[in-house]
Amino acid sequence: MLKDITLGQFFPGDSVVHHIDPRFKIIITALFITMLFCTDSFAGLGVAAFYALMSILISRIPLKMIIKGLKPIVPLIIFTSVLNVFFIDGETLFAWNFIRITYEGVRTAAFMIIRIVCLIAGTSLLTYTTSPITLTDAIEQLLAPLKKIGVPVHEFAMMMTIALRFIPTLIEETDKIMSAQKARGADLETGGLMKRAKALVPILIPLFVSAFRRAEELAVAMECRCYHGDEGRTRLKQLKSGFKDYAALAITMYFFDIIIFINCIF
């Protein structure tokens, strides 16, 4: 399961999506999230799903990687579906003893599943197609106006990027620790809830020690390279927007307008 988590990974490529200005990609991602939560019908959700699918195909990210990234949220999807199916009142579809399934519950469960899948698959493209360095620069430039009120924008952007960057590293480290504990005879997969919780202690302690050690090494490396935050910092690659960036934003707004129109109709 840990190997299926792809959050924070970057897949180099030469697609149109890879070459879009990261500032525009962040704005487009925010519009896509708004798009998903603005729609209240399956028709609007279908438009958002079509937009996400087309973006994935254009980015040339293998679909198996997108599906692999969805595997960790399967328990969340199942839990959400069960809550919606069994605890929403409405027209009865099936009843047996105390179990009662309603039409509204099934409809809501299906709607939430599609929304969650589209949300994870669509927003994952931001990190899949954008390197951590350019993502940091994009976040910093978008939040630059907040510097006037004393917000540490550069530090905030750097913190977010480092966190995303080290997610795959910590997942790999966790997998190694679990394999080492299993080789020593640790039982991590059987027993009740309390037994499994206690079995996590030999995993969490080495993981925290490793995380703090890596954080200290990173801090020392940044100090050795005379890193002083945003003070006097220059960039090797300057972010420049072009026609393709405005075209991508216009296409996103077009799909957004379609969803608003669908909402007005239904």
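As shown above, the structure is provided for reference.
Now for a quick tour of the structure. (Residues numbered from 1 in each chain as written. Predicted model: local features only at pLDDT ≥ 70, side-chain atom pairs only at ≥ 80, totals over all residues. Heavy atoms only, no water.)

### Remarks on the pattern of salt bridges
A full pass over the atoms with the stated rule returns 4 salt bridges. One salt bridge in this structure joins arginine 23 and aspartate 21, with 2.6 Å as the shortest N-O distance. Residue classification places aspartate 21 among the buried positions, given a relative accessible area of 3%. For lysine 147, the salt bridge identified is with glutamate 140, shortest N-O distance 3.7 Å. (Salt bridge = Lys/Arg side-chain N within 4 Å of Asp/Glu carboxyl O. Buried < 20%, exposed > 50% of the residue type's maximum accessible area, 1.4 Å probe, protein only.)

### Topic: the packing of helix H2 (residues 22–38) against helix H3 (residues 42–59)
Taken N-terminus to C-terminus, the directions of H2 and H3 make an angle of 150°; their axes are 9 Å apart at the nearest point. With respect to each other, H2 and H3 are oriented roughly antiparallel. As for how H2 packs across H3, the hand of that crossing is left-handed. Contacts between H2 and H3 involve Ile28, Phe32, Met35 and Leu36 from the former and Leu45, Ala48, Tyr51 and Ala52 from the latter. Across the contact of H2 with H3, the residue classes tally to 8 nonpolar, no polar and no charged. (Axes fitted to C-alpha atoms, helices over the stretch in contact; angles between N-to-C directions. Helix = DSSP H or I, 4+ residues; strand = E, 2+ residues; numbered from the N terminus. Parallel < 35°, antiparallel > 145°, perpendicular 65-115°, else oblique. Left-handed = near helix turned anticlockwise from the far one by under 90°. Contact = heavy atoms within 4.5 Å. Nonpolar A, V, L, I, M, F, W, Y, C, P; charged D, E, K, R; others polar.)

### Considering unusual backbone geometry
Of note in this structure, arginine 60 is not a glycine but carries a positive phi near 65°. Note on arginine 60: relative accessible area 62%, which makes it exposed.

### As for the environment of phenylalanine 32
Positionally, phenylalanine 32 belongs in helix H2. Residue phenylalanine 32 is classed as buried on the basis of its relative accessible area of 3%. Note: C-alpha distance between phenylalanine 32 and alanine 52 (20 residues apart in sequence) is 8.5 Å. In contact with phenylalanine 32, not counting residues within four places along its chain, are Ala48, Tyr51, Ala52, Cys118, Leu119, Gly122 and Thr123.

### What to know about the packing of aromatic side chains
Taken as a whole and judged by the stated rule, the model has 7 aromatic pairs. With 5.2 Å between their ring centres and 55° between their planes, tyrosine 51 and phenylalanine 255 make a pair best called tilted. Of this pair, tyrosine 51 sits in helix H3 while phenylalanine 255 sits in helix H11 (residues 243–265), and the two are 204 residues apart along the sequence. A relative accessible area of 10% means that tyrosine 51 is categorised as buried. Note on phenylalanine 255: relative accessible area 13%, which makes it buried. Taken together, the ring pairs connect Phe32, Phe50, Tyr51, Tyr254 and Phe255 into an aromatic cluster. (Phe/Tyr/Trp six-rings, centres within 6.5 Å; stacked < 30°, edge-to-face > 60°.)

### Regarding the packing of H2 against H11
Between H2 and H11, whose axes approach to 10 Å, the crossing angle comes to 10°. As summarised for this structure, H2 and H11 are arranged roughly parallel, according to the angle between their axes. On the side of H2, the interface is formed by Phe24, Ile27, Ile28, Leu31, Thr34, Met35 and Cys38, while H11 contributes Asp245, Tyr246, Ala248, Leu249, Thr252, Met253, Phe255, Phe256, Ile259 and Asn263. The residue makeup of the contact of H2 with H11, split by class, is 13 nonpolar, 3 polar and 1 charged.

### Observations regarding the nonpolar core
By size, the foremost hydrophobic cluster in this structure holds 19 residues, and its most contacted members are Phe32, Met35, Leu36 and Ala48. When residues of this core are traced back to their parent elements, those giving at least two are H2, H3, helix H6 (103–128) and H11. Considering each element in turn, this core owes the most residues, 6 residues, to H2. Excluding anything up to four places from it in sequence, leucine 36 contacts Leu45, Ala48, Arg115, Cys118 and Leu119. Ile56, Ile66, Ala121 and Tyr128 belong to the second largest nonpolar core, which has 7 residues in total. (Core = buried A, V, L, I, M, F, W, Y, C linked by side-chain atoms within 4.5 Å.)

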